[in-house]
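# A structural walkthrough
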Amino acid sequence: MEILVLVVTLVCELAIAVHSIAFKQSRGKIKSWTRIAIFVGFVGLIFGKVVVWGFTWGLFTGLLFILAFKEMITLLRKQKHSSPYKVFSTIWKFLLLALTVVITLVPALLFPQHRLPQVTGTYAVATATYSYVDKNRIEEFTDQDDNRIVNVEFWYPEQADGPYPLLVFSHGAFGIKTSNTSTFTELASHGYVVVSIDHPYHSFYTVSEDGKVVTVNHDYMQEVNNANKTGVYSLGEYFELTQKWMKLRTDDMDFVVNTILEQAAQRKETVYERIDTQKIGVFGHSMGGAASVALSRERDDIDAVVNIDAPFFSELVYDEAANELIAKSEPYTIPLLNVYSDDVWVQLDSSSTYIANKVSNTNFKGAYTVHFKGAKHLSLTDLPLFSPILANLLQGGKAEIDKYYAIETQNELILRFFDYALKNQGQFTPKATY
């Protein structure tokens, strides 16, 4: 729709310019009525819900209004003696206006309207956001002695016939807590309380209850970017970085789980009243998936884990003498579902970073492993739906897999897995490849 609106607008403006050149007139009723018609037509598309109104259309709508209003004034004003017609002026004005049209449509092009993934559950879903202050930790990313603040968002059944299992989500390296909103909504609609964590200074941005905005830390961003390049860090340095990242992530998740359990015991808020504190699952994408596996090693109340496209950083040991990473030998007994895109799948047998993830690793012989063929790393988030352009830029190209098939199938798998592991409902026998 965004491309169609852009093309139609530019064609209309080109037609106005051609007509002006052909008849050697810079002002005319055809030009005025055309621009008024464009504005009225666009407003009609909004009211007809062909164009779904949102902030992304604001600049473009403002431009159309200004142009239409100006032409209305021109029609009402008496004609005055006009200066000699100049073709160059008409061409210049068209090019300038065309550029302005494109610029005002950039937000809509970056975040196009799209259909939301299927929600198949029977529960209406409510949301709530909170900011938790960890009084036992000082924020390491600032020079002030402030306690670390962790922002969370809940998705939960609006009806109160629970209690429902608690699922805790951790986003990727530069992600945000809403990165997998479709997954959270689908799970909540089937009777789960899902809480997603914004890891301050690891997330692209996060907003506290008091309105304070915290953006991703530059040094952390540089560390992650450099870690994905060959030769910047030694293997030992790389290992130390991953363990540092895991420590911050698992500390955040541990703190959030403890806070929720405390609140659930007091039952002061609606969302906490719906939580079954005896059934807890954790899951995450990329670095968040790695942190989920790590947290399950640290806590004895985690009953199920989903790792989405992440290496098992917490399962690695650095052998300094051999200068290599080796997998720990401790068996993993918690129900685990691994979901991999092509980006990770091709590395399972070739990269020491993923040595613990190998399907042949007997310590994880009970884990379920599925591969989304044709998927890229961000195909397993909602970003390709909300912004295909950004997703393609960040992951180095367009994924071959259909974006709706990828996210909706993943949501179904995660739901079925947690139903099996936490609710003892049905069987879980996923295919190896989707």
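Residues numbered from 1 in each chain as written. Predicted model: local features only at pLDDT ≥ 70, side-chain atom pairs only at ≥ 80, totals over all residues. Heavy atoms only, no water.

### Some remarks on the overall build of the chain
Counting its regular elements, the chain contains 13 helices and 12 strands. Viewed in the frame of its principal axes, the chain has a C-alpha envelope of about 90 × 55 × 50 Å. For the chain, with 434 residues in total, the buried portion stands at 49%. Sequence-distant contacts in the chain: of pairs separated by 6 or more residues, those separated by 24 or more amount to 74%. Surface exposure of the chain reaches about 21,700 Å², of which carbon and sulfur atoms provide 58%. If the 38 positive side-chain charges of the chain are averaged to one point and the 46 negative ones to another, these points end up 16 Å apart. (Helix = DSSP H or I, 4+ residues; strand = E, 2+ residues; numbered from the N terminus. Buried < 20%, exposed > 50% of the residue type's maximum accessible area, 1.4 Å probe, protein only. Contact = heavy atoms within 4.5 Å. Areas by Shrake-Rupley, 256 points an atom, 1.4 Å probe, with all protein chains shown as cover. Lys, Arg positive; Asp, Glu negative; His and termini not counted. Charge placed at Lys NZ, Arg CZ, Asp CG, Glu CD.)

### Regarding the domain arrangement of the chain
Here the chain is described as being made up of domain 1 (1–110) and domain 2 (125–423). Placing the centre of domain 1 and that of domain 2 at their C-alpha centroids yields a distance of 46 Å. (Domains from an automatic or database assignment.)

### What to know about helix H7 (residues 235–266)
Helix length check: H7 (32 residues) gives 47 Å between terminal C-alpha atoms against 46 Å at 1.5 Å per residue, within 8%. Following H7 by one or two positions, Arg267 has its phi on the positive side, about 55°. (Expected span 1.5 Å × (residues − 1).)

### Focus: the packing of helix H1 (residues 2–23) against helix H2 (residues 29–47)
Viewed as axis vectors pointing N to C, H1 and H2 meet at an angle of 170°, and their least axial separation amounts to 10 Å. Looking at the two axes, H1 sits roughly antiparallel to H2. Residues Val5, Cys12, Glu13, Ile16 and His19 of H1 form the contact with H2, whose participating residues are Ile30, Lys31, Thr34, Arg35, Ile38 and Phe42. Partitioned by chemical class, the residues of the contact of H1 with H2 number 6 nonpolar, 2 polar and 3 charged. (Axes fitted to C-alpha atoms, helices over the stretch in contact; angles between N-to-C directions. Parallel < 35°, antiparallel > 145°, perpendicular 65-115°, else oblique. Nonpolar A, V, L, I, M, F, W, Y, C, P; charged D, E, K, R; others polar.)

### Describing the pattern of salt bridges
Opposite charge on two side chains makes pairing possible when the charged atoms of those side chains draw close. With the rule as written, the count across this model stands at 16 salt bridges. Ionic pairing is found between Asp198 and Lys177, a salt bridge with its closest N-O pair at 3.3 Å. Placement of Asp198 in strand E4 (residues 193–198) and of Lys177 in the loop between strand E3 (164–170) and helix H5 (181–189) is noted, with a sequence separation of 21 residues between them. We note that Asp198, like Lys177, is buried. (Salt bridge = Lys/Arg side-chain N within 4 Å of Asp/Glu carboxyl O.)

### Notes on the side chain of Asn151
Along the polypeptide, Asn151 turns up in strand E2 (residues 147–157). Using a relative accessible area of 2% as the deciding quantity, one classes Asn151 as buried. With sequence-adjacent residues up to four places away left out, Asn151 is seen in contact with Tyr130, Ser131, Lys177, Ser196, Ile197, Asp198, Thr206, Val207 and Ser208.

### Side note on the packing of aromatic side chains
Counted under the stated rule, the structure contains 31 aromatic pairs. With centroids separated by 6.0 Å and ring planes inclined at 25°, the aromatic side chains of Phe65 and Phe69 adopt a geometry described as stacked. Here Phe69 and Phe65 lie together in helix H3 (residues 58–76), a separation of 4 residues that amounts to about one turn. The class for Phe69 is partly exposed, based on a relative accessible area of 46%. Counting every residue linked through ring pairs, the aromatic cluster contains Trp155, Phe169, Phe184, Tyr192, Phe283, Tyr368, Phe417, Phe418 and Phe428. Between the NZ or CZ atom of Arg115 and the centre of the ring of Tyr404, over which it lies, the distance is 3.9 Å. Its guanidinium or amino end placed over the ring of Tyr192, Lys423 lies 4.0 Å from that ring's centre, counting from NZ or CZ. (Phe/Tyr/Trp six-rings, centres within 6.5 Å; stacked < 30°, edge-to-face > 60°. Lys NZ or Arg CZ within 6 Å of the ring centre and 35° of its normal.)

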